[in-house]
Amino acid sequence: MMDVIQPFMSVESCRSYIDELYSPDEQKVLAAAIRLKNAVIGSNRQKGNVIMQGVVPKLVQILGDINLNSDLRLQAAIILSSLTKGTPTHVQELIKLGILPVTLNAMRPSNDPKLTETCLRVISSVCTSGVPNCPLELIFAERKTISMLMSLAFHSVSNQISVTQILAVAIKTPADQNMVCEEGGVSLLATLLCSPHYPVLISTLKFVASLSHQNPNVSLDIVNASFDGKSVPDLLVQLMSRNQPPAMQLIAAKCITFLHRASAIPANDPKVMFKTLPCLVCLSKAQYDWATRVTAVETLAYLTEVDSKLQEVASISNHLIPTLANFLHYKPPGSSVAEIEHISRELRAAAFMAFASLGANDEDIRKKIIETENLMGAVVAGLQDQEPKVRLSAIRCLHSLSRSVQQLRTTFQDHSVWKPLMELLKGASDDILSVASSTLCNLLLEFSPSKEPMLESGAVELLCNLTRRCDPALRLNGTWALMNMAFQAEQKIKLQILNSLGTDQIFRLLQDPELEILMKTLGLLRNLLSSKLHIDHIMGLHGAAIMHAVMYVLEGSSDVAVKEQALCILANIGDGDTAKNFLIHNEEVLKKIKEYMTNKNVKLQVAAIFCITNLIWKEEPGSLERQLRLKEFGIDKLLHALIQSSDSFSELLVAKVKTALAQFSD
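Model, not experiment: these values are computed from the prediction.

Definitions and cut-offs
- Residues numbered from 1 in each chain as written.
- Predicted model: local features only at pLDDT ≥ 70, side-chain atom pairs only at ≥ 80, totals over all residues.
- Heavy atoms only, no water.
- Helix = DSSP H or I, 4+ residues; strand = E, 2+ residues; numbered from the N terminus.
- Rg over C-alpha atoms; globule rule 2.2 N^0.38 Å.
- Buried < 20%, exposed > 50% of the residue type's maximum accessible area, 1.4 Å probe, protein only.
- Areas by Shrake-Rupley, 256 points an atom, 1.4 Å probe, with all protein chains shown as cover.
- Lys, Arg positive; Asp, Glu negative; His and termini not counted.
- Charge placed at Lys NZ, Arg CZ, Asp CG, Glu CD.
- Salt bridge = Lys/Arg side-chain N within 4 Å of Asp/Glu carboxyl O.
- Domains from an automatic or database assignment.
- UniProt positions renumbered as here; feature names shortened; annotations may be inferred.
- Core = buried A, V, L, I, M, F, W, Y, C linked by side-chain atoms within 4.5 Å.
- Contact = heavy atoms within 4.5 Å.
- 1 Å grid on protein atoms, 1.4 Å probe; cavity = no way out; pocket = protein on both sides within 12 Å on 5 of 7 lines; lining within 4 Å.
- Points joined across faces, edges and corners; volume = space filled by probe spheres on them.
- Nonpolar A, V, L, I, M, F, W, Y, C, P; charged D, E, K, R; others polar.
- Expected span 1.5 Å × (residues − 1).
- pLDDT = per-residue confidence, 0-100.
- Phe/Tyr/Trp six-rings, centres within 6.5 Å; stacked < 30°, edge-to-face > 60°.
- Lys NZ or Arg CZ within 6 Å of the ring centre and 35° of its normal.
- Polar contact = N/O pair within 3.5 Å; in protein donor to acceptor, adjacent residues only side chain to side chain.

**Q** Talk me through the overall build of the protein chain; I want residue IDs and the actual numbers.
**A** Secondary structure assignment for the protein chain yields 43 helices and two strands. The C-alpha atoms of the protein chain give 34 Å as radius of gyration, which overshoots the globular expectation for 666 residues (26 Å, by more than 25%). Seen through its principal axes, the protein chain has C-alpha atoms that stretch 115 × 55 × 55 Å. In the protein chain, buried positions account for 57% of the 666 residues. When the accessible surface of the protein chain is summed, it comes to about 28,700 Å², and 52% of that surface belongs to carbon and sulfur atoms. Side-chain charges in the protein chain split into 63 positive and 66 negative, and the spacing between the mean points of these groups amounts to 2 Å.

See the structure below:
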């Protein structure tokens, strides 16, 4: 359905020459097409009329018929090009009628440069329209399409603009990037970056950004490319000069940012540190329009996200932190309340993203950010914002700041940030849930004052549910947070975790293909099985299941760090009073411990001997009987043998062996 319905007379006013489009006389069709072209150019109303009257299929048919007069096909292409510059609804209708595949095919057999140019403009308009469900994948459906676009780009300035615009929006995957690179895309962009035409440069820069984004191999090819003796990075830096328009500076800085994040240019390269970073900081200032400022700050956030030196330099560059603080409270001019609110949200989201990156590693920078007036109030408000982008940016900012032990004890507690965070975790989308649960891991550390109220608000059940999610990142965060929660916790909290999680789920987590999830699950078990009374009580309730799980890990093909954690859990069990029986009376367990005592890896040997020491400690009741049991397995002889061949062993292992031997009675 069209978005503009025209009166009946308006529709009929052009009926005569529309009818002639269907005439068998080619000259009449051409004359009608020219009149139709003149009617629709510059008028969305007439564009709507033409589409409503069902003329587009005829135009598409004319364009696709290679047997028709080239002039007629050109006129059809021009009309279609004009229609694609109408409203989004107009473009959607054209897409439904198959304009994209027909136009792509119409270029292939054409020897008419004007027709080819016009077809490229049609495709470019459709691809850059931003309408949903645009079939951009058609551009990469056949390699010969990319090859054709590459060759056509050198024919005219118009083609250069269209081709780079098409590729800039159509590239979506690493496979797309690689295909363009293999078909000569890097050489094309190096050439076009020397163009004297502003539209060509802008569209080429957008193409560079799409081609390089998160693709190390292609980015390296781009960095190594050159034209007329100038490398692509040098050309990009030239386009960042202050005498260039802000839009040019901005997209050139984004290109260098993407090349850096793809590891093609190091952080300490002057092009990154002293050109790109200052350029983005400058473009965040109040003299630029809000859209430029938002994009500059978002790009800056991405540039500085992982490198601590870039974070340090940015934090002291041109009053950046006060500038970002102004984003949080800036009241932009606007024509409506909705527009003002939209701009305000975009500014706040960008500021939160930048604060998150700046404070990712350095405590002093985090302190500066948190001391910004009303910062935490704005973050807490952002967690409750209706716009998902604002919520996600606010939670990323909170996650970054939550790495500060000092702030967890003070500012976070003063603002009770755990309350909106817990609300956010209920029914949130996966991207928000991932960052929010990562923040939760920090808030549940033993020294955090937020830990107790969060437990009372249902954090255990929420985290246990995360461990059952399909997304590995959510399972990891759930397990990690439970591990933190169990550290030096009261027995009732540990039991609550075990009851909510269940030993079956623990066993499933120990079978998880993600190594880090397996490690955090073992860390959770180790924290649960600490303190003698807790160990005995938990093993009394779940001992058989826990032993089965630990033995499963020890018998598997896991790496050294995993097996070391499993042995440490056995050592913790051996530290209990009654829990010791799960080890000392289990022949398979004792054989496994003995096996690891002679492992080639010293860490596993130390962990295994730690198990033995806890079982035979002299001062504990029943130690003599347990020593006799271990002598039956030859543990004492094995310890003596280790001492005798200890020349090549580490000092730590020797010390552990001597400690264990000292516990055996004569």
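**Q** An account of the pattern of salt bridges is requested, with residue identities and associated values reported.
**A** Going through the model one piece at a time under the given rule, you end up with 27 salt bridges. Across the pair Arg475 and Asp512 runs a salt bridge, and its minimum N-O distance is 2.7 Å. Of this pair, Arg475 sits in helix α32 (residues 472-486) while Asp512 sits in the loop between α34 (503-510) and α35 (515-528), and the two are 37 residues apart along the sequence. The exposure class of Arg475 is buried, given its relative accessible area of 11%. Close ionic contact of Glu620 with Lys532 constitutes a salt bridge, the shortest N to O distance being 2.8 Å. Of this pair, Glu620 sits in the loop between α40 (602-616) and α41 (623-632) while Lys532 sits in helix α36 (residues 532-555), and the two are 88 residues apart along the sequence. Residues joined in a network through salt bridges with shared partners are Lys532, Asp575, Asp577, Lys580 and Glu620.

**Q** Describe the domain arrangement of the protein chain, with residues and values.
**A** The assigned domain composition of the protein chain is domain 1 (15-128) and domain 2 (555-665). Between domain 1 and domain 2, the C-alpha centre-to-centre distance is 82 Å.

**Q** With reference to specific residues and values, describe the UniProt feature "repeat: ARM" (unreviewed entry) in the protein chain.
**A** Annotation from UniProt places "repeat: ARM" (unreviewed entry) at residues 54-84. In residues 54-84, the share of helix is 74% and the share of strand is 0%. The end C-alpha atoms are 15 Å apart.

**Q** Can you explain the nonpolar core? Please cite residues and give values.
**A** Grouped together as the largest cluster of nonpolar side chains are 234 residues, with contacts concentrated most on Leu80, Ile139, Leu167, Met485, Leu570 and Ile573. Look past the residues within four positions of Ile139 in its chain and what remains in contact with it is Leu104, Ile123, Cys127, Thr145, Ile146, Leu149, Ile166 and Ala170.

**Q** Can you tell me about the layout of surface pockets, naming the residues and giving the values?
**A** Put simply, the largest pocket is a space of about 830 Å³. Lining the largest pocket are 32 residues, with His213, Phe258, Glu298, Tyr302 and Met353 sitting closest to its centre. For the lining of the largest pocket, the secondary-structure elements that each account for two or more residues are α12 (174-182), α14 (198-212), α17 (246-261), α19 (290-303), α22 (337-358) and α25 (388-401). Of the residues that constitute the lining of the largest pocket, the class distribution is 15 nonpolar, 10 polar and seven charged.

**Q** Pulling in residues and values, what's your account of helix α37 (residues 560-574)?
**A** Taking 1.5 Å per residue as the helical rise, α37 with its 15 residues ought to reach 21 Å, and the 21 Å between its terminal C-alpha atoms agrees with that figure. Where burial is concerned, most of α37 is hidden: 12 out of the 15 residues are buried. Along α37, the positions that sit buried rather than exposed are Val562, Lys563, Gln565, Ala566, Leu567, Cys568, Ile569, Leu570, Ala571, Asn572, Ile573 and Gly574. Residues of α37 that are buried make contact with α35, α36, α38 (581-584), α39 (587-597) and α40.

**Q** Before we move on, could you go through the confidence of the model for the protein chain and cite the residues and values that matter?
**A** The predicted model of the protein chain averages 89 in pLDDT, with 95% of residues at 70 or higher. Within the protein chain, the element-level pLDDT minimum falls on helix α1 (residues 8-12), averaging 39, and the maximum on α17, averaging 98. Under a pLDDT of 50 for its full length, residues 1-12 has, in the predicted model, 21 contacts with residues more than four places off or in other chains.

**Q** Just give me the short version of unusual backbone geometry, but keep the residues and values in it.
**A** Generally, phi is negative for residues other than glycine and the peptide bonds are trans, each holding for most cases. Here the phi dihedral of Asn133 falls at roughly 65°; this positive angle occurs in a residue that is not glycine. Along the chain, the position of Asn133 falls in the loop between α9 (113-127) and α10 (143-152). Look at Asn133 and you get exposed, because its relative accessible area is 75%. The residue Ser531 is not glycine, and still its phi comes out positive at about 80°. Residue placement: Ser531 occurs in the loop between α35 and α36.

**Q** Go over the packing of aromatic side chains with me, naming the residues and quoting the values.
**A** Here the structure, examined in full by the defined rule, presents two aromatic pairs. Pairing Phe258 with Tyr302 gives two aromatic rings, centres 5.7 Å apart and planes at 90°, and the pair type is edge-to-face. Linking Phe258 in helix α17 with Tyr302 in helix α19, this pair joins segments that are 44 residues apart in sequence. Each member of the pair, Phe258 together with Tyr302, is buried. The ring centre of Tyr330 lies 5.7 Å from the NZ or CZ of Arg293, which sits over that ring. Its end group placed over the ring of Phe610, Lys656 keeps NZ or CZ at 5.6 Å from the ring centre.

**Q** Lay out the environment of Thr503 in plain terms, naming residues and giving numbers.
**A** Along the chain, the position of Thr503 falls in helix α34. Counting along the chain gives 42 residues from Thr503 to Ala545, while the straight-line C-alpha distance between them is 6.5 Å.

**Q** Which residues make up the side chain of Thr276, and what values do they have?
**A** Inspection of the secondary structure assignment puts Thr276 in helix α18 (residues 270-283). Relative accessible area serves as the criterion here: at 0%, Thr276 is assigned to the buried category. In terms of polar contacts, Thr276 uses its side chain to reach the backbone carbonyl oxygen of Lys271, at 2.7 Å. Not counting residues up to four positions away in its chain, the partners in contact with Thr276 are Met240, Ala253, Ile256, Thr257, Lys271 and Leu303.

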